[in-house]
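Inside the fold
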Amino acid sequence: MESPAPMPRVHWTVALIPLAVLVALQVVVIREFGSDALDGASQTALLFAAAVAVAMGMIFYKVPWSSIDSAIGQNIKTIGPAILILFFIGAVSGSWMMSGVVPTMIYYGMQIVSPSVFLFVACLISALVSLVTGSSWTTVATIGIALMGIGTAHGYSVGWTAGAIISGSYFGDKISPLSDTTVLASSVGEVPLFKHIRYMLITTVPSFSIALLIFLVASLCHTTDSGIQADLFAEGLQSVFVISPWLLLVPVATGVLIAMRLPAAIVLFLSALMAGIVMLFAQPDIVAHVGEGDNFRGLMLTYCSSTSIDTGNEVLSSLVQTRGMRGMLSTVFLIFCAAAFGGALTGAGMIQSITSALAKGISGRRSLVSTTVATGLFANMATGDQYLSIVLTGNIYKKLYKEKGFEGRLLSRSTEDSATVTSVLVPWNTCGMTQSLVLKVPTIEYLPYCFFNIVSPLMSIFIAMLGYKIFRTQEK
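My aim in this report is to walk through the structure given alongside it, one point at a time.

Thoughts on the overall build of the protein chain
A tally of helices and strands in the protein chain yields 24 helices and zero strands. Residues classed as buried in the protein chain amount to 55% of the 476 residues present. In the protein chain, the proportion of contacts linking residues at least 24 apart, taken out of those at least 6 apart, comes to 78%. With the model as given, the accessible surface of the protein chain reaches about 19,600 Å², and the carbon-plus-sulfur share is 67%.

Considerations on the side chain of Gln435
Here Gln435 shows up in helix α22 (residues 430-439). Judged by relative accessible area, Gln435 falls into the buried class, the value being 0%. Discounting residues that sit within four places of it in the chain, Gln435 has contacts with Ser136, Trp137, Val140, Ile166, Tyr170, Val424, Lys440 and Tyr446.

What to know about the packing of helix α7 (residues 136-153) against α22
When two helices pack together, their arrangement is given by the angle between the helix axes and by the axis-to-axis distance. As a packed pair, α7 and α22 sit with axes 9 Å apart at the nearest point and diverge in direction by 30 degrees. On the basis of their axis angle, the class for α7 and α22 is roughly parallel. Where α7 crosses over α22, the handedness of that crossing is right-handed. In contact with Ser136, Trp137, Val140, Ala141, Gly144, Ile145 and Met148 of α7, α22 contributes Thr430, Cys431, Thr434, Gln435, Val438 and Leu439. Taken together, the residues of the contact of α7 with α22 break down into eight nonpolar, five polar and no charged.

Some words on the packing of aromatic side chains
One pass over the full model with this rule turns up nine aromatic pairs. For the ring pair Trp160 and Tyr449, a centre distance of 4.6 Å and an interplane angle of 35 degrees mean the geometry is tilted. Within this pair, whereas Trp160 is found in helix α8 (residues 158-175), its partner Tyr449 is found in the loop between α23 (443-446) and α24 (451-466), the two being separated by 289 residues in sequence. Take Trp160: its relative accessible area is 23%, and that puts it in the partly exposed class. Three or more aromatic residues joined by ring pairs form one cluster here, namely Trp160, Phe215, Tyr449 and Phe451. The aromatic ring of Tyr199 is capped on one face by Arg413, whose charged end is 4.2 Å from the ring centroid.

Quick notes on a nonpolar patch on the surface
Side chains of Trp246, Leu249, Val252, Val256, Met260, Leu262 and Ile266 sit close together on the surface and give an oily, nonpolar patch of about 710 Å² of accessible area. Among the residues examined, Leu249 registers a relative accessible area of 49% and is labelled partly exposed.

Description of the packing of α8 against helix α10 (residues 193-220)
The geometry of α8 relative to α10 is characterised by a closest axis approach of 10 Å and an angle of 165 degrees between their N-to-C directions. Our classification of the angle between α8 and α10 gives roughly antiparallel. As for the relative orientation of α8 and α10, their crossing is left-handed in sense. In this structure, α8 contributes Trp160, Gly163, Ala164, Ser167, Gly168, Phe171, Lys174 and Ile175 to the contact, and α10 contributes Ile197, Met200, Leu201, Thr203, Thr204, Phe208, Ile214, Phe215 and Ala218. Taken together, the residues of the contact of α8 with α10 break down into 11 nonpolar, five polar and one charged.

Notes on the environment of Gly94
As for its position among the elements, Gly94 is in helix α4 (residues 80-98). Spatially, the C-alpha atom of Gly94 lies 5.5 Å from that of Thr302, the residues being 208 residues apart in sequence. Apart from the residues lying within four places of it in its own chain, the contact partners of Gly94 are Thr302 and Thr322.

Re helix α2 (residues 41-60)
Taking 1.5 Å of rise per residue, 20 residues should cover 28 Å, and α2 covers 28 Å from first to last C-alpha, within 8% of that figure. Taken together, the buried positions of α2 are occupied by Ala41, Ser42, Gln43, Ala45, Leu46, Ala49, Ala50, Ala53, Val54, Met56 and Gly57.

Quick look at unusual backbone geometry
One non-glycine residue with positive phi stands out, namely Lys62, at about 55 degrees. Along the polypeptide, Lys62 turns up in the loop between α2 and α3 (65-78). Classification of Lys62 by relative accessible area gives exposed; the value is 65%. Non-glycine residue Lys440 carries a positive phi angle of around 60 degrees. Looking at the secondary structure, you find Lys440 in the loop between α22 and α23. Given a relative accessible area of 42%, Lys440 falls into the partly exposed group.

Description of helix α13 (residues 264-282)
Working note: α-helix, 3.6 residues per turn, so residues spaced by three or four point in the same direction. In this model α13 runs 26 Å from its N-terminal to its C-terminal C-alpha over 19 residues, within 8% of the 27 Å that 1.5 Å per residue would give. The complete set of buried residues in α13 reads Ala265, Val267, Leu268, Ser271, Ala272, Ala275, Gly276, Met279 and Ala282. Looking straight down α13, one finds that the buried residues subtend no more than 170 degrees of arc, so they occupy a single side.

Topic: the side chain of Asp173
Among the structural elements, Asp173 can be located in helix α8. Summary of buried charges: Asp173 has no salt-bridge partner, and the nearest side chain of opposite charge, Lys174, is 10.0 Å away. Among the polar contacts made by the side chain of Asp173, one reaches the main-chain amide nitrogen of Ser136 at a distance of 2.9 Å.

Definitions and limits used
Residues numbered from 1 in each chain as written. Predicted model: local features only at pLDDT ≥ 70, side-chain atom pairs only at ≥ 80, totals over all residues. Heavy atoms only, no water. Helix = DSSP H or I, 4+ residues; strand = E, 2+ residues; numbered from the N terminus. Buried < 20%, exposed > 50% of the residue type's maximum accessible area, 1.4 Å probe, protein only. Contact = heavy atoms within 4.5 Å. Areas by Shrake-Rupley, 256 points an atom, 1.4 Å probe, with all protein chains shown as cover. Axes fitted to C-alpha atoms, helices over the stretch in contact; angles between N-to-C directions. Parallel < 35°, antiparallel > 145°, perpendicular 65-115°, else oblique. Left-handed = near helix turned anticlockwise from the far one by under 90°. Nonpolar A, V, L, I, M, F, W, Y, C, P; charged D, E, K, R; others polar. Phe/Tyr/Trp six-rings, centres within 6.5 Å; stacked < 30°, edge-to-face > 60°. Lys NZ or Arg CZ within 6 Å of the ring centre and 35° of its normal. Patch = residues over 30% accessible without salt bridge, like charges linked within 9 Å, V, L, I, M, F, W, Y side chains within 5 Å. Salt bridge = Lys/Arg side-chain N within 4 Å of Asp/Glu carboxyl O. Expected span 1.5 Å × (residues − 1). Arc of directions from axis to C-beta. Lys, Arg positive; Asp, Glu negative; His and termini not counted. Polar contact = N/O pair within 3.5 Å; in protein donor to acceptor, adjacent residues only side chain to side chain.

What follows is the structure, encoded as structure tokens:
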């Protein structure tokens, strides 16, 4: 068998060139195309930056194409499950909306949740749901969509509402024993799962408390008169959908499936199936409208295509519009391109050289944790995928943490505090792309309000500077 080609010695300043090209192109793309950047411009920017990395590797460092091709293929292989879940999310969002489940949640939510504490409650609810489900993606695609509607009815900007939902969702995801990212980070750090979770609470609880406090103050300072808007929303929903508490059985049943610890893909599929059946009986007029008189056609279009209903209110009509599985295609396209870019950097030996350069300046716990956090953020930007970032960050520093005499749980926590929570803040990352698409809010617009995601990596560094509960391997 032919042995793999050795990695080239690429200087870290040279390795930054493809990433700099990507950032420059994305700035231009977002400025020129705005929210339409996902329709192809961002994908082109990623492929162009990947081509720069490939050209540099092959021309200047004599890296064989087979090595780069293998790295790209390995990256693409890892995103298969995420793409499947993404399609199921499209089916759930369409079926939950057209079956009246989300409209019912919005209708009753506007009556129950006070505008004066809405952001606080939205963040808390998202956290609880995500803790139970173990999935920020599932939380955003279900309760998150309903909360967006309630926030709009109460006069909150979409950026603030999305920030509250994402902050709560990623907090719950991060400390849930059902979360795949939590399991992955603990595995990479070779730390028992619940030991990893308990150790994360030291940084995670203060970060989430700060976020909740900000959302509570922002809610209390909210002065927009939302009564008229909420009344118009309620009238519009009742004029189009059958609103009934019985429809809430679908999210309740979904919660039962989650409690049974079924895989996320199976839960989402069954949830979409239940919502489709309910839609045939509860919303026959909507099914007939979507399918132009053909109920089966209407059901299939709800799952796979764009649907729109005129509620008589322009804002509400936009809110209940769905994109189905077909609406996820641009995101899938972007995910493949991001995987290609990350694979090109890995195959050309560029990611390794950058992280090695970072590791050289490490002397103690402060610089060790700070560098780990910076690497997690960098990996999210370079690879475009949360899972790759966790694995990459953990594997790079595992040996170094052992050599410095620090416990593996410090590595696993630092990895989660950066790679897990910052992924949603990168527009071309799989998490950033998905949440932006599902919530219909550009990443750049919700980013300033994702306080938990912003504070978490800073809190990790702050706790390391204090030296609180940071033990050497020989300490008990």
